[in-house]
Amino acid sequence: MPALNVEFSDRELEDLRQIAKERGTSMKALVREAAAADIARHRALQEGAEAFRRFFASHADEFAEAFPDDEPAAKGEGRVA
């Protein structure tokens, strides 16, 4: 399995040791769990954003009708500076 060396400050390393000890796990397992949780959170946010984009696209006309002031100006329209 590929590995990654990660550097921590002395304070961070001591905090990791303490947390791992309190949880009854190794520092390696603690860091790996934290990284895996962040990866899962990132994927969920990406999936949620994609679901929102699909929903918005499929209801674009309804949003345009409900919020006409938020629609971009058509080409040739708009303010003249």
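Before any of the text, the structure's been laid out above.
Fair warning: this is a prediction, and the values are worked out from it, not measured in the lab. (Residues numbered from 1 in each chain as written. Predicted model: local features only at pLDDT ≥ 70, side-chain atom pairs only at ≥ 80, totals over all residues. Heavy atoms only, no water.)

Moving on: a negative patch on the surface. On the surface, a cluster of negative charge is made up of Asp61, Glu62, Glu65, Asp69, Asp70 and Glu71. By secondary structure assignment, the location of Glu62 is in helix H3 (residues 60–66). (Patch = residues over 30% accessible without salt bridge, like charges linked within 9 Å, V, L, I, M, F, W, Y side chains within 5 Å. Areas by Shrake-Rupley, 256 points an atom, 1.4 Å probe, with all protein chains shown as cover. Salt bridge = Lys/Arg side-chain N within 4 Å of Asp/Glu carboxyl O. Lys, Arg positive; Asp, Glu negative; His and termini not counted. Charge placed at Lys NZ, Arg CZ, Asp CG, Glu CD. Helix = DSSP H or I, 4+ residues; strand = E, 2+ residues; numbered from the N terminus.)

Turning our eyes to something else, we now look at the packing of aromatic side chains. Under the definition given, this model contains 4 aromatic pairs. For the pair Phe63 and Phe67, a centre-to-centre distance of 6.5 Å together with 20° between the ring planes defines the contact as stacked. Looking at Phe63, the relative accessible area reads 24%, which means it is partly exposed. Phe67 sits in the partly exposed class, given a relative accessible area of 44%. Among the aromatic residues, those joined into a cluster by ring pairs are Phe52, Phe55, Phe56, Phe63 and Phe67. (Phe/Tyr/Trp six-rings, centres within 6.5 Å; stacked < 30°, edge-to-face > 60°. Buried < 20%, exposed > 50% of the residue type's maximum accessible area, 1.4 Å probe, protein only.)

That's the geometry; what it means functionally is another story.
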